[in-house]
Amino acid sequence: MAASEAYDLVIIGGGINGAGIARDAASRGINVLLLEMNDFASGTTSWSSRLIHGGLRYLEHGELSLVYESLQERARLLRTARHLVHRIRINVPIYTGGKRGMLLLRIGMLAYDLMSFGKPLGRHRMLDRRQFLANEPGVAEDGLRGGAQYFDAQVTFPERLVIENLAAARAYGADVLNYSRVTGIDVDGAKVRGVRYTDEQGGEHEVAARVVVNAAGPWVDHVLGTVNRPMPGLVGGTKGSHIVVGPFDGAPKDAFYVEAYIDTRPFFIIPWNGQYLIGTTDHRYRGDPSDATPSEAEIDYLLAETNRVFPRANLTRRDIHFAYAGVRPLPRQGKKAEGAITRRHIIRNHQRNALGLLSVIGGKLTTYWSLAEQVTDRVVKMLGVRAKACVTRQMFLPGALGTTAAEQMLAELGTVSEQGADRLLEVYGGRTRRILELAWEEPHLDRTLDPARTVLASEVAFAVRHEFARHLTDIVHRRTMLGLSPDLGESVAEAVADVAAGELGWDAATRARELEALRAWNARLRVPVS
Ligand code: FAD
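What counts as what
Residues numbered from 1 in each chain as written. Predicted model: local features only at pLDDT ≥ 70, side-chain atom pairs only at ≥ 80, totals over all residues. Heavy atoms only, no water. Near = heavy atom within 4 Å. Polar contact = N/O pair within 3.5 Å; in protein donor to acceptor, adjacent residues only side chain to side chain. Areas by Shrake-Rupley, 256 points an atom, 1.4 Å probe, with all protein chains shown as cover. Helix = DSSP H or I, 4+ residues; strand = E, 2+ residues; numbered from the N terminus. Nonpolar A, V, L, I, M, F, W, Y, C, P; charged D, E, K, R; others polar. Salt bridge = Lys/Arg side-chain N within 4 Å of Asp/Glu carboxyl O. Buried < 20%, exposed > 50% of the residue type's maximum accessible area, 1.4 Å probe, protein only. Domains from an automatic or database assignment. Contact = heavy atoms within 4.5 Å. Buried area = accessible area lost by both parts, 1.4 Å probe.

Let's shift gears to the site of the ligand. Neighbouring residues of the ligand: 39 residues in total, closest Glu 36, Thr 45, Leu 51, Gly 363 and Thr 366. Taking Leu 51, its main chain carries an N or O atom lying 2.7 Å from a nitrogen atom of the ligand. Leu 365 places a main-chain nitrogen or oxygen 2.9 Å from an oxygen atom of the ligand. Computed on the free molecule, the ligand has an accessible area of 1,000 Å², of which 96% lies beneath the protein chains in the complex. Broken down by secondary-structure element, the contributors of at least two residues to the shell around the ligand are helix 1 (16-27), strand 8 (180-188), strand 11 (238-245) and strand 16 (320-328). Within the shell around the ligand, the residues separate by chemical class into 15 nonpolar, 19 polar and five charged.

Attention now goes to the pattern of salt bridges. Oppositely charged side chains can form a pair if their charged atoms are brought close together. Here the structure, examined in full by the defined rule, presents 35 salt bridges. Between Glu 63 and Arg 344 there is a salt bridge, with the nearest N and O atoms lying 3.2 Å from each other. Residue Glu 63 is found in the loop between helix 2 (56-60) and helix 3 (64-80), and its partner Arg 344 is found in the loop between strand 16 and strand 17 (346-349); the two are separated by 281 residues along the sequence. Its relative accessible area of 31% is what places Arg 344 among the partly exposed residues. A salt bridge links Asp 300 to Arg 317; the nearest nitrogen and oxygen atoms lie 3.2 Å apart. A residue pair is termed long-range when its members are at least 10 positions apart, and Asp 300 in helix 8 (residues 296-309) and Arg 317 in the loop between helix 8 and strand 16 qualify at 17 residues. Classification of Asp 300 by relative accessible area gives partly exposed; the value is 39%. Where salt bridges share partners, they join Glu 494, Asp 498, Arg 511, Glu 516 and Arg 519 into one cluster.

What follows covers the domain arrangement of the chain. By domain assignment, the chain separates into domain 1 (5-44 + 159-235 + 342-383) and domain 2 (402-525). Counting residues at the interface gives 15 residues for domain 1, matched by 16 residues for domain 2. In this assembly, domain 1 packs against domain 2 so that about 1,400 Å² is buried in total across both faces, 50% of it on carbon and sulfur atoms. Joining domain 1 to domain 2, the criterion identifies four salt bridges. The closest approach of N and O atoms between Arg 160 and Glu 467, which form a salt bridge, is 2.7 Å. For the side of domain 1 that touches domain 2, the element with the most residues is helix 6 (residues 158-171), which contributes seven residues.

Pasting the structure below:
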């Protein structure tokens, strides 16, 4: 339940945008409540390509200012979230008969470099056929003319980006609640008065709010449907799917950005989390975003296109570890082709019929921070307060600091293996220190949960005590990130459930239900082998 019954600002949605806004607003002294209907980061934010990028494709669609903004934001995240965001090299092959030729590619690369001016990650290189094959010998040779190599960035776990923003928001005094579904936005005399929400036990709550931000991603229109007066439809989502496979014969050492043969759309093949993330697709989607799953046709398309670029791969459904789909919360733009719909975010002020209500439409992971600043600037104006200027601008995320101390402690404590130490630092950065302190203070948590000694019992306690985890699936999929390994975290699930049971007071029946819920979540991610 919310700690207070009246807030300056209530944010609906705990994806990357809601979390970023909560952190920025709370840091300026605004009294914030964030409500998320499921777990934090369980929506679109989890189902993306996990790139922090300017977006070469946006260049093609003439969205120059978006590319420029994204490249500036990329530089900021590489610094302030350096434990989570890192540079990757991307290859772009060009084949005879493709829609995009070498000249267009060269122009695009030059423009990309120019726009990263002052924040470069390394300049692009144009490669002829021989050089390209020398670098990536597994790539299809037939019709290959050459290509380019450029740099962008990747966030392996955007889920952690969300959790750290929320942890920072809470440190500034924000209240953040998961499993709290907004069921009504109350408008009285054309002015927002507050929101109603239900908790997991079915409890109903009401809080007063001076400003409400609807950051519900693809659910923005569903949330607008809870306003007690007619509201416009704003979102026209498109579904994008990915498959995740293990290393394969001829697999590239760096990422690939390739034009698909079937429909000339570019898609990615990205080394990620010890596996390869392949996607995405782009199809209009009208259903409930919670029900979005990759279709058979999308899976076949991604397999066929990957096998075409890497002929020795011979990937089949059996090779897929898991697959997922997300709905892009794009602005409604009539009959425009999916790829041509703007990826720029829009902040809609509903002042005419619901003064005090803002909706966020669109936006990318990459630009969440600038979006958060823009929304908070507006909130400050609407509240008419003398809030501090944005202070998060160059501030590090909690895990970006203290990595060296964490490394030292890992060596001293010696509970986890070398592989485990790498894993902890990749997932938690400097926050690893706090996990180790817990292990130090409470000896029953100073043990590993897997034969390879990579997962610490104190991680589970940390997820519950300091990172808002309420269920086993939260811990496995969005805190420890074990759920994104090839076995979806199932080999360690029982052991994690044991520690979680102690932390959350589960009896045997609850523990069994939690394991069942995790299996059900995983079943949605698995691809049936037909
Ligand atoms: P979400 O993450 O969906 O969060 C909204 C939250 O609101 C959800 O958690 C939901 O549960 C909650 N909610 C809904 N209704 C209610 C309610 N009634 N009460 C309380 N809570 C509610 N961007 C990039 O920068 N790089 C990429 O590589 C990239 N790749 C992408 C690939 C795909 C296939 C897709 C779909 C998107 C991609 N994006 C990428 C875009 C990016 O992922 C999204 O724009 C971004 O994650 C949206 O975040 P959000 O917080 O607005 O939405």
